[in-house]
Amino acid sequence: MISRRAALAAPLALAACGSAQSPAQSPTPAVGPLKAAAPFPVGLCAMTGQFDDPQWVAAARRNFNQITPEWEMKMERILTRTGGYDFSASDRIAAFARENGMRLYATTLIWYAQDHPWFHDLDKARFVAEYDRWIATVAGRYRGQTVGWDVVNEPVAEDGDGLRDCLWSRALGQDGYMIRAFEQARAADPEAVLFLNDYNLENNPRKGATYLRTVERLLKAGAPIGGLGTQSHLDIEIPAGRITDFMRELAQFGLPIHVSELDASLRSDRRLDTRSPALKREQQQARVIELAEAFMALPPAQRFAFTVWGLRDTDSWLRRGNEDDGKDQPLLFDAQARPKPLAAAVETAFRG
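Because the structure is a prediction, the values reported are computed rather than measured.

The rules we used
Counting restarts for each chain: residues are numbered from 1 in the order of the written sequence. Reporting of local features is limited, given that this is a predicted model, to residues whose pLDDT is at least 70; pairs of side-chain atoms are given and counted only at 80 or more, and all residues count toward the totals for whole chains, interfaces and linings. Excluding hydrogens and water, the side-chain values take into account all heavy atoms of the structure. Only protein atoms enter the calculation, which uses a 1 Å grid: trapped sets of points that fit a 1.4 Å probe without letting it out are cavities, open sets showing protein on both sides within 12 Å along at least five of seven lines are pockets, and any residue with an atom within 4 Å of a point is a lining residue. Grid points are joined across faces, edges and corners, and a volume is the space filled by probe spheres set on the points. Think of it this way: any DSSP run of H or I at least four residues long counts as a helix, any run of E at least two long counts as a strand, and we number them from the N terminus. Helix axes use the C-alpha atoms of the stretch in contact, all axes being lines fitted to C-alpha atoms, and the angles between their N-to-C directions lie in the range 0 to 180 degrees. Should an angle lie under 35 degrees it is considered roughly parallel, over 145 roughly antiparallel, and from 65 to 115 roughly perpendicular; all remaining angles are considered oblique. Should the near helix be turned counterclockwise from the far one by less than a right angle, the crossing is left-handed, whereas a clockwise turn marks it as right-handed. Working rule for contacts: check all heavy atoms of both residues, and any pair within 4.5 Å makes them a contact. Classification convention: Asp, Glu, Lys, Arg as charged; Ala, Val, Leu, Ile, Met, Phe, Trp, Tyr, Cys, Pro as nonpolar; all other residues, Gly among them, as polar. Burial classes follow relative accessibility: with a 1.4 Å probe on protein chains only, a residue under 20% of its type's maximum area counts as buried, one over 50% as exposed, and anything between as partly exposed. Between any two strands, at least two bridges found by DSSP are needed for them to pair. Convention used here: a crossover is right-handed provided that the path from the first strand, over the helix, to the second strand proceeds clockwise when the strands point away from the viewer. It is the directions from the helix axis to the C-beta atoms that the arc portrays. The rule is short: rings of Phe, Tyr and Trp, with Trp giving its six-membered ring, pair when the centres are within 6.5 Å, and they are stacked under 30 degrees, edge-to-face over 60, tilted in between. In this scheme, Lys NZ or Arg CZ marks a charge over a ring once it lies within 6 Å of the ring centre and within 35 degrees of the ring normal. Within this document, salt bridges are pairs made up of a side-chain nitrogen of Lys or Arg and a carboxyl oxygen of Asp or Glu, the two lying within 4 Å of each other. The pLDDT value expresses, per residue, how confident the predictor is, ranging between 0 and 100.

Asker: Provide a residue-level description of empty space enclosed by the protein, including the pertinent values.
Answerer: By rolling a water-sized probe across the atoms, one finds the places where empty space is left. This model, assessed by the stated rule, comprises one cavity of 30 Å³ or more. Lining of the largest cavity is provided by Leu262, Asp263, Ala264, Val288, Val308, Pro330, Leu331, Leu332 and Leu342. Of all the elements, strand S8 (residues 257-265) adds the most residues to the lining of the largest cavity, at three residues.

As structure tokens, this is what we get:
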């Protein structure tokens, strides 16, 4: 699978939004607006190029009431190589949210993958100053506009064995860079809910357990973590019940929970995958329904938002790059922005 960073940065990423077609699957026109079915915000990621697509805009307005910038509020888009700031794209996303009555959810302040050249070769004092300046400048710019921030994104190692080694941890310590980021974000935007966000938490129990231990440790150290984000890029082959079990463990902290980047790929890492398309869709629907029902089972105060990582199948980061075969169907709407049976299942789960 292509890396997420390469997929998001691809200059032609949006060119295929309406081109490659998924294998035929019956649309489900009876599905009502998802935001009307849910007793919590229903979110969607966006990039500014999509705002020029009337089909995308109409479906987004109908179904969603929260927007997350998919890539254009990240460091590699805003911070220039010489230490300047370019907010043109992120400002446009903030304006779209405001003009369409949507909440703005912001991502991300500190991410292990943001190995930005501006921070290279700085002495310790200058590094710390620039780290603080980045958070204060960006979070401060959207103060009062955002409902929440992914303050630290994906700190847990891929296999779940401890935390990632990265530019930030090498300079400030594996816990230190996170604690400082939360403190600086709280100072810059006191009203926003501050999240620790990661992925494969449902898919990999070891990684989920490390994430939970990290949250506990950071809270004990005084980090002002206000919410917990689970991206939920779901592996449709995980055992039934695993998602529910993890959501219950996550809820024990009593903090708001954000399903922050939901999709469910039909691809497999198997060398030989003999499953039929129908079986794959059945597995996909079962896992997504389990996630939606587990989220619905949370106390209302802990249901921060339920965000899908793309509107149409053709918008997905999983459908970008040279490895895409044009067949994956990871999202709730087809290439024409029509709701799929998966959208109907999610709507039903939201209505309880």
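Asker: A description of the packing of helix H10 (residues 242-251) against helix H11 (residues 277-296) should follow, citing residues and the corresponding values.
Answerer: Packing of H10 against H11 leaves a shortest axis separation of 9 Å and a crossing angle of 25°. In this view, H10 runs roughly parallel relative to H11, as classed from their interaxial angle. The handedness of the crossing between H10 and H11 is right-handed. Residues Arg242, Ile243, Thr244 and Met247 of H10 form the contact with H11, whose own contacting residues are Arg287, Glu290, Leu291, Ala294 and Phe295. Residue composition of the contact of H10 with H11, grouped by class: five nonpolar, one polar and three charged.

Asker: Give me the lowdown on the environment of Glu216, citing residues and values where you can.
Answerer: By the secondary structure assignment, Glu216 is in helix H9 (residues 205-220). In sequence terms Glu216 and Phe253 are 37 residues apart; their C-alpha atoms lie 8.2 Å from each other.

Asker: Let's hear about the pairing of strand S4 (residues 146-153): which residues, and what values?
Answerer: For S4, a buried count of seven out of eight residues is recorded, marking the element as mostly surrounded by other parts of the structure. Strand direction decides the pairing type here: strand S3 (residues 103-111) and S4, joined by six bridges, are parallel. Each residue of the ladder has a partner; that of Tyr105, found in S4, is Gly148. Each parallel crossover has a hand, and the one from S3 via helix H6 (residues 124-141) to S4 is right-handed. Both S4 and strand S5 (residues 193-198) contribute to a ladder of five bridges, which runs parallel. Looking at the pairing, Gly148 lines up with Val193 of S5.

Asker: Please set out H10 residue by residue, giving values where relevant.
Answerer: When H10 is considered as a whole, its buried residues turn out to be Ile243, Phe246, Met247, Leu250 and Ala251. Looking down the long axis of H10, one finds its buried residues gathered within 140° of arc, a one-sided arrangement. Looking at the buried residues of H10, the elements they touch are H9, strand S6 (227-230), strand S7 (233-235), S8 and H11.

Asker: Which residues make up the packing of aromatic side chains, and what are the values?
Answerer: Scanning the entire structure with this criterion turns up 20 aromatic pairs. Consider the rings of Trp111 and Tyr112, whose centres lie 6.3 Å apart with planes at 85°: the pair is edge-to-face. Given a relative accessible area of 3%, Trp111 falls into the buried group. Residues Phe127 and Trp168 carry aromatic rings whose centres are separated by 5.9 Å and whose planes lie at 55° to one another, so their mutual orientation is tilted. Placement of the pair is Phe127 in helix H6 and Trp168 in helix H7 (residues 167-172), with a sequence separation of 41 residues. In this pair, the class of Phe127 matches that of Trp168, namely buried. In this structure an aromatic cluster arises from ring pairing among Phe40, Phe295, Phe306 and Phe350. A cation over an aromatic ring shows up here: Lys74 above the ring of Trp111, its NZ or CZ 5.6 Å from the ring centre.

Asker: So, helix H12 (residues 341-351): which residues are in play, and what are the values?
Answerer: Among the 11 residues in H12, eight count as buried, and that is most of the element. Burial in H12 covers these residues: Leu342, Ala343, Ala344, Ala345, Val346, Glu347, Ala349 and Phe350. Looking at the buried side of H12, the elements it contacts are helix H2 (34-37), strand S1 (42-46), H11 and strand S9 (303-308). Among the residues trailing H12, Gly352 stands out with phi positive, at a value near 75°.

Asker: Any chance you could break down the layout of surface pockets for me, citing the residues and the numbers?
Answerer: Looking at the second largest pocket, its volume works out to about 270 Å³. As for the second largest pocket, its lining consists of 15 residues, and the residues nearest its centre are Leu266, Lys280, Asp325, Lys327 and Asp328. A breakdown of the residues in the lining of the second largest pocket according to their chemical character gives three nonpolar, three polar and nine charged.

Asker: I'd like a rundown of the pattern of salt bridges, residues and numbers included.
Answerer: Overall, the coordinates contain 24 salt bridges when judged by the stated rule. When the shortest N-O distance is used, the salt bridge between Asp161 and Arg206 registers 3.6 Å. With Asp161 in the loop between S4 and H7 and Arg206 in helix H9, the pair connects residues that are 45 residues apart, well separated along the chain. Among the charged side chains, a network of salt bridges with common partners joins Glu237, Asp273, Arg275 and Lys280.

Asker: Explain the confidence of the model for the protein to me, using residue names and the numbers behind them.
Answerer: This prediction gives the protein a mean pLDDT of 92; 92% of its residues lie at or above 70. Across residues 1-6, where pLDDT falls below 50, the model places 18 contacts with residues more than four positions away in sequence or in other chains. The low-confidence segment residues 8-23, where pLDDT is below 50, has 26 contacts with residues more than four positions distant or belonging to other chains.

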